[in-house]
Amino acid sequence: MEILKGIEMIDLALYIKDSKILILSDFHIGYEEELNKKGILIPRSQFKKTLERLKKLFLKLKENPNTIIINGDIKHEFGTISGQEWDDTLYLIDFLQTKSEKIILIKGNHDTIIGPIASKKNLELVDDFKIDDILITHGHKIPPDLKKTIIIAHEHPCIGLTDNIVLEKYKCFLKGKWNQHNLIVMPSFNLITEGTDILKDKLLSPFLKKNKIETFECFLVFDKIRYFGKIKDLLKSKIIKRDIY
Amino acid sequence: MIELQRTKYTDKEIYSSLNPLVRQWFKEKFKDFSEPQRFAIKNIHNKENTLISAPTGSGKTLSAFTSIISELVNLSEKHQLEDKVYCIYVSPLKALNNDIQRNLLEPLEEMTTMISNLKKKQKENLSKQIKSKNLGIRVSVRTGDTSASKKASMLKKPPHILITTPETLAIALVAPKFKYLISDVKWCIVDEIHALANNKRGVHLSLSLERLQNLAGRFCRIGLSATISPLDDVAKFLVGLENGKQRDCKIVDAQFIKKLDLKVVSPVNNIIEASFKELQDGLYNILDQMISAHKTTLIFTNTRSATERVVHNLMDRFPKKYTVNNIGAHHSSLSKEHRFDIEERLKQGKLRCVISSTSLELGIDIGHIDLVILLSSPKSVARAMQRVGRSGHKLLDKAKGRFVIMDRDDLVECALILKNALEKHIDNIDIPKNCLDVLAQHIYGIAIESINHIENIYSLVKRSYCYKDLTREDFMEVIKYLSGEYASLEYRKVYAKIWYDPDTEEVGKKGRLARVLYSTNIGTIPDESFITVKIGNQKIGTIDEGFLERLKKGDIFVLGGQIYEFKYARGMTIQVKANPGRPPTVPSWFSEMLPLSYDLALSIQRFRRLLEEKLKKQTKNQTMSFIHDFLYVDNNAANSIYEYFKEQYLFSEIPHDKKILIEFYEFQGRKNAIFHTCFGRRVNDVLSRSIAYAISRTEHFNVQITLTDNGFILSADRKLKALEGLKLIKSEELEDILKLAIDKTETLKRRFRHCASRSLMILRNYKGHRKSAGRQQISSQILINACREISSNFPIFKEAKREVMQDLMDIKNAKKVIKDIENRKIKIKIQDTKLPSPFALNLVMRGYTDLLKMEDKLDFIKRMHNMILAKISLGK
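Residues numbered from 1 in each chain as written. Chains lettered and ligands numbered in written order. Predicted model: local features only at pLDDT ≥ 70, side-chain atom pairs only at ≥ 80, totals over all residues.

K.L.:
Whenever I open this one, the overall build of chain B confuses me. Can you help?
P.N.:
On a plain count of helices and strands, chain B comes out with 34 helices and 31 strands. For chain B, whose C-alpha radius of gyration is 29 Å, the value lies close to the compact-globule estimate of 29 Å for 876 residues. Looking at the 876 residues of chain B, the share that counts as buried comes to 48%. Long-range contacts, defined here as pairs at least 24 residues apart, represent 74% of the contacts in chain B between residues at least 6 apart. (Helix = DSSP H or I, 4+ residues; strand = E, 2+ residues; numbered from the N terminus. Rg over C-alpha atoms; globule rule 2.2 N^0.38 Å. Buried ≥ 20, exposed ≤ 12 C-beta atoms within 10 Å, placed from the backbone. Contact = placed C-beta atoms within 7 Å.)

Have a look at this one:
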């Protein structure tokens, strides 16, 4: 399904058809390790899941992209990098390099020391990336030069749907207007957590903070991409009253 | 053998067992033994396990301690008192601990004074050995609040009587030096056992006691309890098993020695006709009258917010009589300092009235109370007795309780509580069984103590009554979990808490931090997770986390009587906007509801059936005199009950223990199926979720549930095949259906977090970090997904499901109901109706509560009621 003309949503990724650019974001490799350090002893399955999901994504894509852009936060930890995180990140890049010759890393807020990895693998490391009238940037700050269409990540948007008995969260894409620009927010590829529930949580990106998020449209990522209309309509949907403990 | 103690010992028999000094002290102080003391002192002297159930003020504590003090004085006289702990006293309440210490130190001091007052000759007569004025018996409190220096001094001079909590006892069991001091314990007293036996704190304690027994050999176990049933099971819980056989225990049943003066009171003459104002005026006038006629009154409400409202309204309506100086609120969300202040002023007799939710039910000494008022039903006979038992400080005083009822269902419920209390039928508690999370914690603790063969651990665990039926498979699953088998081999070191060697079948501790992690993370009480509500930086109040899960941006809700609009959440804080000028969209009455006990529900149902029989055959006078004979209510109340049942009888059918009524009723385009199943909400939760699940599975649309103790409503915007749904549920498959129905629910996720925390999969305290409950909740979402992937039989996941189905809900009795329907012991009656029947009114109202103000609610009921009356008279 296209989110804007020429930009297709494929699972958790965006694909710019003309220039064959695949955009992925927010892998947060090392997330479980970080949780383990905090005393949350969840077994590690993130890396395995990520690779499996990527393989399926490339099957859906049917062609190999010219360029793969990682729109920030490939790894999770600020300031340091553990052995495990280093190995996993390199392995992930190796895998992506089998699919495309050109990999570009966009700096995210968690990527303060991504330099060594980029140079080891000869990757371009940039603050943002422009092509035609599209700007791709992580979204934790607003870059000086903007384009008609802006693609950001960082927010990890998801939507919690509930009938008040069952609550399920789904990752989603968002599309709306920001100062005359088209703004697209992409979901994270962190498969351990769904992300920020845009129906209730405080938003992080300066692109969204003071914006009327209610007017944005959302696209849920499930078995396929499903259009869910405007957020304000989701907020209005009928509540159901019942006892809970 | 568990047996009831029937012999009362004579003064002579008891005194002859006591040390002369203790004997003299007792004689001077009390003159006579109280009932529980007559039964128990001698048994405890003989080191027999004893469970004592008696009301407050009956000398319960001394019935446990007298023999022990006597023994210690004996030892002291012979200079044989060693530096070790002889008696451990465990109480679930930290606040109680200081009281007990005071109550023990006082007699010891008095005895010391007695010695010094004795003439020289008498002194020689009394004891040849005691020359000094000091008995040398030490009593200390050790809890989580005890300072490190105090703990260190306990190592040098150990207390002979140690006063502690279940959690601190479990930590003491792995403390390398302190453990040594408790390794020859002779007695263990478990106080307030009624507040432990039905929850995981009690389960936890039951394993600690078995671990203590491994350490110290056999010791005498003494349980102290307020009103509770069944005493047999509580005794089994206290003493555990030996080689698969129940250990012996004597039960001292003095639950009913206090005389009861109970009444059901209606604030107005005609409860259904009264306007909101009349009802409210009536309520506060009657409260004022009762408070004025007594010295100190204790009022119980069922919720914290109601507590605040009553305090506020009393001061508002009677500003000259009631001020912050003579009345106050006491509930669990108030600060420790505030509660302590209220307790102190209560003890000193400075307060006319205290209003509490549940926090004053437990036994801290609150001084002289001469009246207990119960606002709205306490939902169980035992709870009613515990609350009322707070009055009448001396044993000879009557315990005086007044149930103030607010509607007709309340009236019937309270009338039956009163009947059961007077006729000594106490509802039964359920003791949780095979809790795998608590088990994991203890196996970890045992492995820290020393290397152990798993066979030894298994047999230790099975000595606890709570684990007597634990399967080998479940036990091994927990061992596997603890040894980190769920993670792939390369990372196992992160997850393994113990090592397990399958060849030698031994387990032992892993990691240098094991003891610290254990000591800082054990316990069974889940972290309370309150979300702070703010406007900017200004704090408005708190809501609980379950409530936040229901909120979306723009939702309107009520907090502390004010209306707010939800803006967004950030961690443990939410931002709101005041006065949005729209009515609430989310109800707020859910979290604190006490469930009606199953036994009481059945008792109501049986009464319904009896009354139906009378209505069929007898005149009004005969029926009225039956109500009078059966219930202990006044004329007004009996008449209200008569009218209520008569209306239901004429309008529809009276549902009862052998008849379930389902009413189909349409309102504003929604189809409702009203199930009259008065089994209490724990059973109704199972029934309603299972049926709703079955319908939504076969019909592919969502069904809404409204739930109360008296029944439930399923509703949808199209035709509901509710009867078919009910028929789809087979008793044999109920558990499987319920498992599916609760999967992915908020309730299961929250309970899972508690279980993960108890099993130490989430460490609340880790390397100096303390995790907030909110942080844990985020992680538990991740964790539950991960556990699901490992196996649906992963012990923590399994335990969370068990806890929801057995502890929170009541699948056992729900299954019984379904079975009775299958066997046609319970008939099903169907009715299509344009108006909900009188019995359904409160249930229907529940669906709209909070969207309507209290005034509108009464209006609605009255309007409906008049329509019903009109219809009945037309039918005649």
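K.L.:
Please explain the sheet that holds strand S19 (residues 506-509) of chain B as it appears in this structure.
P.N.:
Two pairing modes exist for strands in a sheet, parallel and antiparallel, and in both the strands are linked by backbone hydrogen bonds. All names here are of chain B. Across the sheet, three strands lie side by side as S17-S19-S18; this open sheet has antiparallel pairing. Edge strands, defined here as strands with exactly one partner in the open sheet, are strand S17 (452-453) and strand S18 (498-501). When S17 meets S19, the two strands line up antiparallel, connected through two bridges. Bridge pairing links Asn 452 to Val 507 in S19. (Pairing = 2+ DSSP bridges.)

K.L.:
How should the sheet that holds strand S6 (residues 187-190) of chain B be read in this particular structure?
P.N.:
Residues and elements named next belong to chain B. The eight strands lie next to each other as S1-S10-S2-S7-S6-S3-S5-S4, forming an open sheet whose pairing is parallel. Both outer strands of the open sheet, strand S1 (2-4) and strand S4 (139-142), are each paired with one neighbouring strand and no more. When the angles between neighbouring strand axes are averaged without regard to direction, this sheet yields 20°. In the sheet, strand S3 (residues 87-90) pairs with S6 via four bridges, with the strands oriented parallel. When the bridges of S6 are listed, Tyr 89 appears paired with Ile 189. Lying on the sheet, helix H3 (residues 35-45) is in contact with strand S2 (50-53), strand S7 (220-225) and strand S10 (249-253); it crosses S2 at an angle near 165°. (Axes fitted to C-alpha atoms, helices over the stretch in contact; angles between N-to-C directions.)

K.L.:
Would you mind showing me how to read the pairing of strand S5 (residues 161-164) of chain B here?
P.N.:
Along a regular strand, successive side chains alternate from one face of the sheet to the other. Residue and element names in this part refer to chain B. Residues Ile 161 and Ile 163 of S5 are buried on one face, and the alternating residues Leu 162 and Thr 164, pointing to the opposite face, are buried as well. Strand direction decides the pairing type here: S3 and S5, joined by four bridges, are parallel. Note on S5: the bridge partner recorded for Tyr 89 is Ile 163. Read from S4 through helix H7 (residues 148-156) to S5, the crossover connection turns out right-handed. (Right-handed = clockwise from strand over helix to strand, strands pointing away.)

K.L.:
Quick question: what am I supposed to make of the confidence of the model for chain A here?
P.N.:
Of all residues in chain A, 93% attain a pLDDT of 70 or more, and the chain-wide mean is 87. The low-confidence segment residues 238-245 of chain A, where pLDDT is below 50, has 23 contacts with residues more than four positions distant or belonging to other chains. (pLDDT = per-residue confidence, 0-100.)

K.L.:
Help me understand the environment of Asn 452 of chain B, please; the structure alone is not making it clear to me.
P.N.:
Here Asn 452 of chain B is to be found in strand S17. Not counting chain neighbours up to four residues away, the residues in contact with Asn 452 of chain B comprise Ile 446, Ala 447, Ile 457, Glu 506 and Val 507 of chain B.

K.L.:
How should the confidence of the model for chain B be read in this particular structure?
P.N.:
Residues and elements named next belong to chain B. Across chain B, pLDDT averages 87, with 92% of residues at or above 70. Segment residues 849-853 is flagged for pLDDT under 50; beyond a separation of four residues in sequence, or across chains, it makes 11 contacts in the model. Taken over the whole predicted complex, pTM reads 0.88, whereas the ipTM for its chain interfaces reads 0.77.

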